[in-house]
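Fold and contact review
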Amino acid sequence: MSQLKVHNSLTRQKEVFEPIVPGYVGMYVCGPTVSGESHLGHARPFITFDIVYRYLLHLGYRVRYVRNITDAGHFEEEGREAEDKISKKAVIEKMEPMELVQKYTNLFHWAMQEFNNLPPSIEPTATGHIVEQIVMIEKIIADGYAYVANGSVYFDVEKYNTDFSAQGKPYGMLSGRVLEDMLETTRELDNQEEKRNKADFALWKNAPPEHIMRWQSPWGEGFPGWHIECSAMSNKYLGSQFDIHGGGMDLQFPHHECEIAQSTVCNHVTPARYWLHNNMITINGRKMGKSYNNVIKLSELFTGSHPLLEQAYHPMTIRFFILQTHYRSTLDFGNEALKAAEKGLKRLWEAYEALQKFDASGNNATGDAELDAKVRKLVEQFEEFMQDDFNTAKVLANMFELVPVINGIKDKHIADHALSAETLRYLQTQMKAFVEDIFGLKGENANNSDKLNGVMQLLINIRKEAKVKKDYMTSDKIRNELLALGIHLKDEKGGEMSYTLD
RNA sequence: GGUCCUGUGGCCGAGUGGCUAGGCAGAGCUCUGCAAAAGCUUCUACAGCGGUUCGAAUCCGCUCGGGACCUCCA
């Protein structure tokens, strides 16, 4: 098999993936800020890196997947006033900050489960690692790359850039920014006067009296700067250097850039070797985000309760929708596109289920060598495409080319023995591995009860009998009334029937 | 203004120097008691203008359009 190649944002090119320790992978992905409910835009990185995680597991790696929960208060700049998101909401909703954080953490976990994302190996919280963050900040100060001002601590970007450029690690190496250019920006921001330099960023912020979330530190009561938590936690659980750091492209600058600077000062090494960034979900060509006022929350998506939605969309539809695009491309949301995904997934899933029921224990004759070879090739390419920077879109395209073959065998348009038993088994195994284990798709009928199946079987039997007697009144009544309930009965070739739920 | 990305058919999207993914929608046909499903066939493409090349949608340049980020929003 070819080697796994990933697009590394650090080098801006595809590189062969080689873990630091053979057989093991350490992966850190920036998690949610639990000051509110996640929206569709947030879903993309978590699904994207769930696929990466699952694929690495498929390749046989032992993966430690760390995804943080940001539950410490950060500042949100709204209008002219900077306020703490979590503490502000907490007052409005009359909740304890940690109560609010718990509520949204639970909601986040619920959404991840709906998407069938595997839980990460470790899900550390920022509030649970205040000590580690303080220790790290102290080290940065001791090394002379940070300074204290009025109870806050700032990272000295210019000094860092000067010293580390010499080692080929200038500030801006990840996002392609040049510090000198950035210093020329004229944009005015609040609370800049404490900083020696515009480009400096906060490691620790002095907490104003109204700030609810606060911790004692060597510099007074305050709270950690936004970037330091990821550096502290990735270092703690994955070591000074680890394999993969993931997140959305919008995090590349400044967040990941600052992480690199902080960690490099402390550990003298670039924290992650491969930086993977997924692109945004857009809506009408615009990034979905709070500041654009165009967010669709996940709960709204699943229930259809948002003015932009023409219907509810199942979490698996969203997952499939995301998989149909390469993770580094933008993905434009739209009802038409979501509906297309819904139908496409249904078609794929039904063929997949039919395939798994085929009996592959038959003889080994190959009835149609050409078709057999074509199927083999399409299946072999699953891995080839994934090895090439996780190209799920191409894998799905191949799967859809296999659908008519599967349906053809099922409906007897294609002879039973057109494919050799070996090829059929290969097809079944690989489809299972990719559809379920790697893509994490699951059937919507999976949790139908035995009782429902029993009742349906009864109705199917009655309908079959009616059809034999040419009693179409009865057979149509069963089919039509079930349809009104959202259950589709389908006559299969050979007199069998199956059903699907809306 | 700076840095970077992007412009593919009705919609969503792969991809690439010549063999022109895939899904959904549309059209026709087959199967079917009817329908649905399924199968087969099929129509619309690579923003515009130049250049490189035997050949470009794919490389280069320009123009136009869209987007992300630009330090305390995570």
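Look above for the structure.
Residues numbered from 1 in each chain as written. Chains lettered and ligands numbered in written order. Predicted model: local features only at pLDDT ≥ 70, side-chain atom pairs only at ≥ 80, totals over all residues. Heavy atoms only, no water.

Judged by nonpolar contacts, the single largest core of 88 residues is most densely connected at Leu-301, Met-399 and Leu-441. For this core, the element with the highest residue contribution is helix H1 (residues 40–58), accounting for ten residues. When residues of this core are assigned to domains, at least three fall in each of domain 1 (19–278) and domain 2 (298–438). Those residues within four positions of Leu-301 in sequence are excluded, and the remaining contacts are Leu-40, Ile-296, Leu-309, Ala-312, Tyr-313, Ile-318 and Phe-333. Residues Ile-140, Phe-164, Leu-174 and Trp-275 belong to the second largest nonpolar core, which totals 41 residues. (Core = buried A, V, L, I, M, F, W, Y, C linked by side-chain atoms within 4.5 Å. Buried < 20%, exposed > 50% of the residue type's maximum accessible area, 1.4 Å probe, protein only. Helix = DSSP H or I, 4+ residues; strand = E, 2+ residues; numbered from the N terminus. Domains from an automatic or database assignment. Contact = heavy atoms within 4.5 Å.)

This part takes up the sheet that holds strand E13 (residues 281–283). As a general point, the strands of a sheet are linked pairwise by backbone hydrogen bonds and lie either parallel or antiparallel. Across the sheet, three strands lie side by side as E14-E13-E15; this open sheet has mixed pairing. A single partner strand is all that each edge strand has here, and the edge strands are strand E14 (286–287) and strand E15 (331–333). Inspection of the sheet shows E13 paired to E14 by two bridges, in the antiparallel sense. Bridge pairing in E14 links Thr-282 to Lys-287. (Pairing = 2+ DSSP bridges.)

The next thing to look at is the pairing of strand E3 (residues 24–29). With five of six residues buried, E3 is to be regarded as a mostly interior element. Of the strand pairs in this sheet, E3 and strand E4 (residues 62–67) are connected by six bridges, and their pairing is parallel. Looking at the pairing, Tyr-28 lines up with Val-66 of E4. Remark: the E3/H1/E4 crossover connection has right-handed handedness. The pairing of E3 with strand E11 (residues 242–248) spans three bridges and is parallel. (Right-handed = clockwise from strand over helix to strand, strands pointing away.)

Helix-helix packing is described using two parameters, namely the angle between the two axes and the distance between the axes. Two numbers describe how helix H11 (residues 335–357) lies on helix H13 (residues 392–410): the axes approach to 9 Å, and their chain directions differ by 55 degrees. Viewed along their axes, H11 and H13 adopt a mutual orientation that is oblique. As for the relative orientation of H11 and H13, their crossing is left-handed in sense. In contact with Gly-344, Arg-347, Leu-348, Ala-351, Ala-354 and Leu-355 of H11, H13 contributes Leu-396, Met-399, Phe-400, Val-403, Pro-404, Ile-406, Asn-407 and Lys-410. Split by residue class, the contact of H11 with H13 holds ten nonpolar, two polar and two charged. (Axes fitted to C-alpha atoms, helices over the stretch in contact; angles between N-to-C directions. Parallel < 35°, antiparallel > 145°, perpendicular 65-115°, else oblique. Left-handed = near helix turned anticlockwise from the far one by under 90°. Nonpolar A, V, L, I, M, F, W, Y, C, P; charged D, E, K, R; others polar.)

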